[in-house]
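The primary structure of each chain is shown beneath.
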Amino acid sequence: MARTEQVLVLEPQHELKFRGPFTDVVTATLKLTNPTERNVCFKVKTTAPRRYCVRPNSGIIDAKNSVNVSVMLQPFDYDPNEKSKHKFMVQSMLAPYDMTDMEGVWKEAKPEELMDSKLRCAFEMPLENDKTHESESNKTVSSSTSSVKTELSSLPKSSSTSLDDGEGKKIMEECKRLQMEVLRLREENKQIREDDGLRKRKVTSMGAPHSSSSVMATSTMRDEGLGARVLAFCVLFFVIGVIIGKLAL
């Protein structure tokens, strides 16, 4: 008796392609689509089980749904003169409505209920022009790196030693001092905001006559703190500019 025609739609239909180099695991994806109104059980088998890892290798595809099967080829020594004889078979059957044990269903299935599709495997190496392009890219990166090294080596030694130990130490101390000043100003600004909130609460309780003078005092303190911060940042940027200028000489 002839077997039932495959109900699953396979992508690709006839051939799984694996593209090298094959020094690492190469994965091909097989998409199984169930266009029917019934759930379908499936199994994926291969003639070379030690060379491939298939996930998932079996399962159930719900009606109108799809499953992606990852076929992972293990690393091996590729011989371009050797043609691949590996094959895969996708076996399927309509899932019974009262199915409880999938393995039991496969064991009890009748031959006429089983459907299968076969796929062959093909190994491909990158095209020569791809290799050439990759080689040219590597050469470009290598030449750029060499150019940068040459430019760095051609810089006058004075650029790295233009600052003596005394000047460098003074600049570092000045930077640390400015950083401490910035931190101090941040704390003062935080305290001003807290005091501002406290004064506002007091003004609300005491009435409007005192509110204007309190707001003016708070604005004055805030402006003073802001001015000090701006001044500190200006000095810091000036020092950094001096450092960069001396290094550039």
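The rules we used
- Residues take numbers from 1 onward in each chain, read along the sequence in its written order.
- For this predicted model, a pLDDT threshold of at least 70 governs which residues receive local features, and a threshold of 80 or more governs which side-chain atom pairs are given and counted, while totals over whole chains, interfaces and linings are taken from all residues.
- As a convention, hydrogens and water are excluded, and side-chain values are obtained from all of the structure's heavy atoms.
- UniProt positions are given in the numbering used here, feature names are shortened, and annotations may be inferred rather than shown by experiment.
- Residues are said to line a cavity or pocket when one of their atoms sits within 4 Å of a point; the points come from a 1 Å grid over protein atoms alone, cavities being sets where a 1.4 Å probe fits but cannot get out and pockets being open sets with protein on both sides within 12 Å along at least five of seven lines.
- Grid points are joined across faces, edges and corners, and a volume is the space filled by probe spheres set on the points.
- A run of H or I in DSSP counts as a helix once it spans at least four residues, and a run of E counts as a strand once it spans at least two, with each numbered from the N terminus.
- Think of it as three bins: nonpolar holds Ala, Val, Leu, Ile, Met, Phe, Trp, Tyr, Cys and Pro, charged holds Asp, Glu, Lys and Arg, and polar takes everything else, Gly as well.
- To qualify as a nonpolar core, a set must consist of buried Ala, Val, Leu, Ile, Met, Phe, Trp, Tyr and Cys residues joined through side-chain atoms within 4.5 Å.
- Burial classes: relative accessible area under 20% of the type maximum marks a residue as buried, over 50% as exposed, and values in between as partly exposed (1.4 Å probe, protein chains only).
- Any pair of residues with heavy atoms lying within 4.5 Å of one another is described as a contacting pair.

As recorded by an unreviewed UniProt entry, the protein carries the name MSP domain-containing protein and is attributed to Champsocephalus esox. What UniProt states about the protein under its Subcellular location (unreviewed entry) heading is, verbatim, "Endoplasmic reticulum membrane". As recorded by UniProt, the Sequence similarities (unreviewed entry) comment attached to the protein reads in full: "Belongs to the VAMP-associated protein (VAP) (TC 9.B.17) family."

Help me understand the layout of surface pockets in this model?
Empty pockets left among the atoms are what a rolling probe the size of a water molecule brings to light. Approximately 260 Å³ is the volume attributed to the largest pocket. Considering the residues around the largest pocket, the lining is formed by 15 residues, among which Met93, Leu94, Pro96, Val105 and Glu113 are closest to the centre. Taken together, the elements giving at least two residues each to the lining of the largest pocket come down to strand E8 (87-94) and helix H1 (102-108). In terms of residues, the lining of the largest pocket owes the most to one element, H1, which gives 3 residues. Partitioning the lining of the largest pocket into residue classes produces 7 nonpolar, 3 polar and 5 charged.

Looking at this structure, how should I read the nonpolar core?
Where a protein is soluble and globular, its nonpolar side chains tend to be buried together. Counting 26 residues, the largest nonpolar core has Phe18, Tyr52 and Val69 as the members making the most contacts within it. Mapped onto this core, the elements with two or more residues apiece are strand E2 (15-19), strand E3 (26-33), strand E4 (40-46), strand E5 (52-55), strand E7 (66-73), E8 and strand E9 (115-124). Apart from the residues within four sequence positions on either side, Val69 is in contact with Ala28, Thr29, Leu30, Leu32, Phe42, Val44, Val54, Arg55 and Pro56. Membership of the second largest hydrophobic core comes to 7 residues, among which are Met93, Ala95, Ala109 and Leu114.

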